[in-house]
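Residues per chain are reported as follows:
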Amino acid sequence: MAPRRSAPRGSYAKSADTRRAILDAAIPAFAEHGPEGASTRGIATAAGVNQPALNYHFGSKDGLYRQCAEAIVDRFALSMGESTAPAVEFLAAGGSDAARAHALLNGVMHGLVDTLVASTDAQVWSGFVAREMHAPGEAFAVLYDRLWQPGTELAAQLIHAARGGRGGIETARLEAAMLISNLVAFTSGRRVTKKIMGWQEIGPDQLAAVRRSIARQVDALVAVVPGDE
C-alpha cells in the first residue's frame, strides 16, 4: 500500500489565508445586512474567492455566520490577552490583595479602551455584535459564553476583590456590566459620541481622555462600598 502523501505546508497557509479573507468580508456584510440580508455571493466576491470555496470552508451561510462570531471572540481575546492574563492568574491564586486587584482592574479597562476605542477592527465588529445584542440569533450563545459573560465576570471579581470582598458579588457584577457598557459609546455609538465631543477623530489625546475617565470610574467604584456609605 502506497504511503499517504501529506499536503504541502504552503497549502495550509493558503487555506488559512482564504478563511481569513472570507471572514474579513463576511463580518462587515453581516453587520450591515444581518444574516438574512447578506449575500454569500457578495461575500465571496468581496473575499476574492468563488462560491464553492466559501461552501468548502464554512458549509453554509449559518456556518459562516457562527464562525464570524468565533473569529470576533478569538481576535478580541488575542487583543486583550496581555491585560487579562495577569488578572486571571491573580484571581486563580485567591485574589486577596485589594490594591493589586484595583491595579489589575485598571489594566483590564485600559486594555478594553485599546481594543474597543483605539482599534479600527472593533469598528467592524461592533455592528455584528450589536445585532446579536438587539436581536439574538445563531451567534448569541458564542458571544455570550465566550465574551460577554466571562469578561463581565472577570471585571466583577476584580471589583469585589478590590473592595476586600465587601459589598457583595451581585452588586459587583451589576457595576462591572455598567462600567464595561460605557465603552459602547465608542463602538456602535462612536459617531454620536464624536459629534457630542466635537472630535473629528479619536487620536492619542482623545484616547488619553477616555483612559482618564475610565480610571476615575474605577477609582470611584473601588472607593465606595454599597452599604458602607
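Residues numbered from 1 in each chain as written. Predicted model: local features only at pLDDT ≥ 70, side-chain atom pairs only at ≥ 80, totals over all residues. Heavy atoms only, no water.

Draft legend 1. The overall build of the chain, seen in detail. Broken down by element type, the chain carries 10 helices and zero strands. When the helices and strands of the chain are read in sequence order from the N terminus, they spell out α-α-α-α-α-α-α-α-α-α. Projected onto the principal axes, the alpha-carbon positions of the chain cover approximately 70 × 55 × 30 Å. Counting every position in the chain, which comprises 229 residues, the buried fraction comes to 40%. Intrachain contacts of the chain at a sequence separation of at least 6 include 70% that bridge at least 24 residues. In the structure as shown, the chain presents an accessible area of about 12900 Å², 54% of it carried by carbon and sulfur atoms. Here the chain contributes 23 positive and 23 negative side-chain charges, whose respective centroids are spaced 8 Å apart. (Helix = DSSP H or I, 4+ residues; strand = E, 2+ residues; numbered from the N terminus. Buried < 20%, exposed > 50% of the residue type's maximum accessible area, 1.4 Å probe, protein only. Contact = heavy atoms within 4.5 Å. Areas by Shrake-Rupley, 256 points an atom, 1.4 Å probe, with all protein chains shown as cover. Lys, Arg positive; Asp, Glu negative; His and termini not counted. Charge placed at Lys NZ, Arg CZ, Asp CG, Glu CD.)

Draft legend 2. Fine view of the pattern of salt bridges. Evaluation of the coordinates by the stated rule reveals seven salt bridges. Note that glutamate 175 is salt-bridged to arginine 163, the shortest N-O span being 2.7 Å. Note that glutamate 175 is positioned in helix α8 (residues 169-181) and arginine 163 in the loop between α7 (140-162) and α8, a separation of 12 residues in sequence. Several salt bridges share partner residues, and in doing so they unite Arg20, Asp24 and Arg75 into one network. (Salt bridge = Lys/Arg side-chain N within 4 Å of Asp/Glu carboxyl O.)

Draft legend 3. Up close: the environment of leucine 91. In this structure, leucine 91 sits in helix α4 (residues 61-92). With 50 residues separating them along the chain, leucine 91 and alanine 141 place their C-alpha atoms 25 Å apart.

Draft legend 4. Fine view of a nonpolar patch on the surface. Taken together, the side chains of Val192, Ile196 and Met197 define a hydrophobic patch exposed on the protein surface, amounting to about 320 Å² of accessible area. Relative to the helices and strands, valine 192 is located in helix α9 (residues 190-197). Classification of valine 192 by relative accessible area gives exposed; the value is 53%. (Patch = residues over 30% accessible without salt bridge, like charges linked within 9 Å, V, L, I, M, F, W, Y side chains within 5 Å.)

Draft legend 5. Region of interest: the nonpolar core. Grouped together as the largest cluster of nonpolar side chains are 65 residues, with contacts concentrated most on Phe30, Ile43, Leu64, Phe128 and Leu183. Not counting chain neighbours up to four residues away, the residues in contact with leucine 64 comprise Ile22, Leu23, Ala26, Phe30, Ile43, Leu54 and Phe58. (Core = buried A, V, L, I, M, F, W, Y, C linked by side-chain atoms within 4.5 Å.)

Draft legend 6. Highlighting the side chain of serine 83. Considering the arrangement of structural elements, one finds serine 83 in helix α4. Looking at serine 83, the relative accessible area reads 15%, which means it is buried. Setting aside anything within four residues of it in sequence, one finds serine 83 in contact with Gly107, Val108 and Gly111.

Draft legend 7. Main features of the packing of helix α5 (residues 98-118) against α7. Put simply, α5 and α7 touch, their axes get as near as 7 Å, and they point 150° apart. Relative to α7, the element α5 lies roughly antiparallel. The element α5 and its partner α7 pack so that their crossing is left-handed. Here α5 contributes Ala98, Ala101, His102, Leu104, Leu105 and Val108 to the contact with α7, which in turn contributes Leu154, Ala155, Leu158, Ile159, Ala161 and Ala162. Residues belonging to the contact of α5 with α7 are distributed by class as follows: 11 nonpolar, one polar and no charged. (Axes fitted to C-alpha atoms, helices over the stretch in contact; angles between N-to-C directions. Parallel < 35°, antiparallel > 145°, perpendicular 65-115°, else oblique. Left-handed = near helix turned anticlockwise from the far one by under 90°. Nonpolar A, V, L, I, M, F, W, Y, C, P; charged D, E, K, R; others polar.)

Draft legend 8. Representation of the side chain of glutamate 153. Relative to the assigned elements, glutamate 153 resides in helix α7. For glutamate 153, a relative accessible area of 17% translates into the label buried. Here glutamine 157 takes part through its side chain, which lies 2.7 Å from a polar atom of the side chain of glutamate 153. (Polar contact = N/O pair within 3.5 Å; in protein donor to acceptor, adjacent residues only side chain to side chain.)

Draft legend 9. Focus on the packing of aromatic side chains. By the definition in use, this model includes six aromatic pairs. Measuring from ring centre to ring centre gives 4.9 Å for phenylalanine 30 and tyrosine 65, while their planes differ by 90°; the resulting arrangement is edge-to-face. On the criterion of sequence distance, the pair formed by phenylalanine 30 in helix α1 (residues 9-37) and tyrosine 65 in helix α4 is long-range, its members being 35 residues apart. Take tyrosine 65: its relative accessible area is 2%, and that puts it in the buried class. Three or more aromatic residues link up through ring pairs in this structure, and these residues are Phe30, Tyr65 and Phe128. (Phe/Tyr/Trp six-rings, centres within 6.5 Å; stacked < 30°, edge-to-face > 60°.)

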